[in-house]
Amino acid sequence: MSGKQKLLVIAQHVDNKWFDKLNQEFEVLHLTNIDAVVNLADHSKPALTFVHASTMTDVKEKTTEVRHQGMLSEVPLIMMATSNDLQDKLKAFEFGCDDLVQEDIQPDELLARCHKVIFDKLANDQLKSQVNMANRAAMQAMSSTSDLGVNIQFFLDSCDCSNLDLLGMRMLQATQDYGLTCSLQLRGKYEIKNMEANGMAKELESALLMELKDSGRYFDFGARTVMNYGQASVLIKNMPLDNDERYGQLKDNVFSLVQACDARLKALDNMKTIEEEKETIIKLISRMRGVMEDVDEGFVDIVRQAAEVVEDMGEQIDRVIQFLGLNEEQETELERIIGDAINRNEAIFTRGLKLDEGFAAVLKRIGYLTDDPETMDISAITKLLNKS
């Protein structure tokens, strides 16, 4: 098998001088008329077509016929005519020829012209290939930029979502921007949310997502893909199976959305937990306040009763001391003991009142915290505990 490039010559008669010259460099296929091209096998597609024409009208007709041959439509074409002045060359280029030569051209020049046309074709093909690659790269970059914008917008919007309904709707809006039809499941600590694009839930999709939530990050079946991350799962129903590159991009980009969903879901759970803990603390403080008020009232009452008991005892002793048969010295000593006990009891009562004042101040500060729970903060409780 020859390693030479194929050259197709279409002419009724050929000049042996240039034909033999071409045959030295190329594997020349000679046809007498254009209609015979249909008989060529596919593997006989030439690198160059060389057609003999007489007048410029003939050049136009034969150029059209050659270009209508499917095999030769993109093959470089050189026309040979009786004239090749500037106007004829311009017309030939308009007709679709790559070059126009005169019948009396020298064989070496013709060979050089053939190599030049073939080289130009190869260079143009390479340039077209590079342009196509650049276009594909540009389109991919534009697509990636658009995808990045969708994700960034969702990341920003998700920070403002205060409940699972808003988070789910934002997520499904982002997947719609990708042209995807999805079902979403958010498994929060306090509730589980199943959603479609219309905000409602479908039984089958909800059950499927719950069943596959522990099946790994990706679970593919047909044009459907389930993505799981933490407490969030999404079912994509229309993955592009005919576009492997886009298929991979969507998997990566949508999975980032699922991760962001999980992060916000955990944040919402933590916010809810903190709110419940705050309510519990408020209830506990209110309960403690009630108990402390009861203790305060009981303490004051006990101190008062103790003081009254001592005073009553002193009065009773004063009434009966004259009937006890005590001498004056004994009576004086007994009165001193009773007076000292009364004084000490009064001192204890005074200290109790001061303690009660401090206790009342603590209750007042607790009241400030529990009377308006919306404005209560942990730092206020910490300050209260430090003062106490």
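Please refer to the structure higher up on the page.
Just so it is clear, the model here is predicted, and its values are computed rather than measured.

Draft legend 1. Region of the structure containing the overall build of the protein chain. Looking only at helices and strands, the protein chain features 9 helices and 10 strands. A sequence separation of at least 24 residues applies to 60% of the contacts in the protein chain between residues at least 6 apart. Summed over its atoms, the accessible surface of the protein chain is roughly 23500 Å², and 53% of this surface lies on carbon and sulfur atoms.

Draft legend 2. Geometry of the packing of helix α5 (residues 164–177) against helix α7 (residues 244–320). Relative orientation of the contacting elements α5 and α7 amounts to 170°, with a least axis distance of 11 Å. One element, α5, and the other, α7, form an angle in the roughly antiparallel class. Where α5 abuts α7, its residues Leu-164, Leu-167, Met-171, Ala-174 and Thr-175 lie against Val-254, Leu-257, Val-258, Cys-261, Arg-264, Leu-265 and Leu-268.

Draft legend 3. Representation of the side chain of Gln-69. With respect to the element layout, Gln-69 can be found in the loop between α2 (56–67) and β4 (77–81). Leave out the neighbours within four places in its chain, and Gln-69 touches Ile-34, Val-37 and Val-38.

Draft legend 4. The packing of α2 against helix α3 (residues 86–95), seen in detail. Here α2 crosses α3 at 15°, and the two axes come no closer than 9 Å. One finds that α2 runs roughly parallel with respect to α3. The two elements α2 and α3 meet at a crossing, and its hand is right-handed. Listed contacts from α3 to Met-56, Val-59, Lys-60 and Thr-63 of α2 are Asp-88, Lys-91, Ala-92 and Phe-95.

Draft legend 5. Geometry of the packing of aromatic side chains. With the rule as written, the count across this model stands at 6 aromatic pairs. Every member of this aromatic cluster is reached through a ring pair, and the members are Trp-18, Phe-19 and Phe-50. The ring of Tyr-218 is capped by Lys-251, whose NZ or CZ atom sits 4.8 Å from the centre of that ring.

Draft legend 6. Region of interest: α5. Taking 1.5 Å per residue, 14 residues should reach 20 Å; α5 reaches 20 Å between its end C-alpha atoms and fits that length. Within the span of α5, buried status applies to Leu-164, Leu-167, Gly-168, Met-171, Leu-172, Ala-174 and Thr-175. Each buried residue of α5 lies within a common arc of 155° when the element is viewed along its axis, so the set occupies one face. Directly after α5, the chain includes Gly-179, whose backbone phi takes a positive value near 80°.

Draft legend 7. Seen up close, the sheet that holds strand β6 (residues 182–187). Read from one edge to the other, the open sheet built from 5 strands follows the order β7-β6-β10-β9-β8, with strand pairing classed as antiparallel. Edge positions in the sheet fall to β7 (192–195) and β8 (218–221), since each of these pairs with one other strand and no more. Neighbour-to-neighbour, the strand axes of the sheet open up by a mean angle of 10°, direction not taken into account. Bridge count for β8 against strand β9 (residues 224–229) is 4 bridges, and the pairing is antiparallel. Counterpart to Phe-219 in the pairing with β9 is Val-226. Sitting on the sheet, α5 is in contact with β6 and β7, with an inclination near 150° to β6. Here helix α6 (residues 203–212) sits on the sheet and contacts β6, β7, β8, β9 and β10 (232–236); the angle it forms with β6, its principal contact strand, is near 55°.

Draft legend 8. The arrangement of the nonpolar core in detail. If you look at the biggest cluster of nonpolar residues, it comprises 29 residues, and the most contacted ones within it are Phe-154, Leu-167, Leu-186 and Val-254. For this core, the secondary-structure elements that each account for two or more residues are α4 (107–158), α5, β6, β10 and α7. Of the residues forming this core, the biggest block, 10 residues, is contributed by α7. Excluding its chain neighbours within four sequence positions, the residues that come into contact with Leu-167 are Phe-154, Ser-158, Cys-161, Leu-186, Cys-261, Arg-264, Leu-265 and Leu-268. Membership of the second largest hydrophobic core comes to 22 residues, among which are Ile-10, Ala-36, Met-56 and Ala-81.

Draft legend 9. Quick look at the pairing of strand β2 (residues 27–31). Of the pairings in the sheet, the one linking strand β1 (residues 6–10) to β2 comprises 5 bridges and is parallel in character. When the sheet's bridge partners are listed, Val-9 is paired in β2 with His-30.

Draft legend 10. Broad picture of the sheet that holds strand β5 (residues 99–102). Read from one edge of the open sheet, 5 strands run β2-β1-β3-β4-β5, paired in parallel fashion. Since the sheet does not close on itself, it has two edges, and those belong to β2 and β5, each with one partner. With strand direction ignored, the average angle separating the axes of adjacent strands in the sheet is 20°. Packing of helix α1 (residues 16–25) onto the sheet brings it into contact with β1, β2, β3 (48–52) and β4, and relative to β2 it is tilted by some 135°.

Draft legend 11. The arrangement of the environment of Thr-350 in detail. One can find Thr-350 in helix α8 (residues 328–371). Using a relative accessible area of 39% as the deciding quantity, one classes Thr-350 as partly exposed. As a C-alpha pair, Thr-350 and Val-303 span 47 residues in sequence and 9.4 Å in three-dimensional space.

Draft legend 12. Seen up close, the state of the cysteines. Applying the stated rule across the entire model yields 0 disulfides. No disulfide involves Cys-159; its sulfur sits 8.5 Å from the nearest other cysteine sulfur, which is in Cys-161. For Cys-159, a relative accessible area of 52% corresponds to the exposed category.

Draft legend 13. Layout of the side chain of Lys-237. Inspection of the secondary structure assignment puts Lys-237 in the loop between β10 and α7. Lys-237 sits in the buried class, given a relative accessible area of 19%. Engagement of the side chain of Lys-237 in a polar contact is seen with the side chain of Ser-183, the distance being 3.2 Å. Beyond its immediate sequence surroundings of up to four residues, Lys-237 is in contact with Thr-181, Cys-182, Ser-183, Glu-196, Lys-202, Glu-205, Ala-223 and Arg-224.

Definitions and limits used
The residue numbering used here restarts from 1 in each chain and proceeds along that chain's sequence as written. Local features in this predicted model are restricted to residues whose pLDDT is 70 or higher, and side-chain atom pairs enter the listing and the counts only when it is 80 or higher, whereas totals over whole chains, interfaces and linings include all residues. Just so you know, side-chain values use all the structure's heavy atoms and leave hydrogens and water out. Think of it this way: any DSSP run of H or I at least four residues long counts as a helix, any run of E at least two long counts as a strand, and we number them from the N terminus. Working rule for contacts: check all heavy atoms of both residues, and any pair within 4.5 Å makes them a contact. Accessibility throughout is a Shrake-Rupley quantity obtained with a 1.4 Å probe, and a residue counts as covered only by protein chains that appear here. Between the N-to-C directions of two axes lies an angle of 0 to 180 degrees, each axis being a line fitted to C-alpha atoms and, for a helix, fitted only over the stretch in contact. Every angle not falling under 35 degrees, over 145, or within 65 to 115 is termed oblique; those three ranges are roughly parallel, roughly antiparallel and roughly perpendicular. Left-handed describes a crossing whose near helix is turned anticlockwise from the far helix by less than a right angle; the clockwise case is right-handed. Ring pairs are drawn from Phe, Tyr and Trp, using the six-membered ring of Trp, whenever the two centres fall within 6.5 Å, and their geometry is named by plane angle: stacked under 30 degrees, edge-to-face over 60, tilted for the rest. Throughout this description, the term charge over a ring refers to an Arg CZ or Lys NZ atom that lies within 6 Å of the ring centre and within 35 degrees of the ring normal. Multiplying 1.5 Å by the helix residue count minus one yields the expected span of that helix. Relative accessibility decides the category of a residue: with a 1.4 Å probe and only protein chains considered, values under 20% of the type maximum give buried, values over 50% give exposed, and everything between is partly exposed. Think of it as the arc spanned by the lines of direction from the helix axis to the C-beta atoms. The pairing criterion is simple: DSSP has to find at least two bridges between the two strands. Here, nonpolar core refers to any group of buried Ala, Val, Leu, Ile, Met, Phe, Trp, Tyr and Cys residues whose side-chain atoms link them within 4.5 Å. Any two cysteine sulfur atoms within 2.5 Å of one another count as a disulfide. Here a polar contact means two N or O atoms within 3.5 Å. Within protein one must be a hydrogen donor candidate and the other an acceptor candidate, and residues neighboring in sequence count only if both atoms are side-chain atoms.

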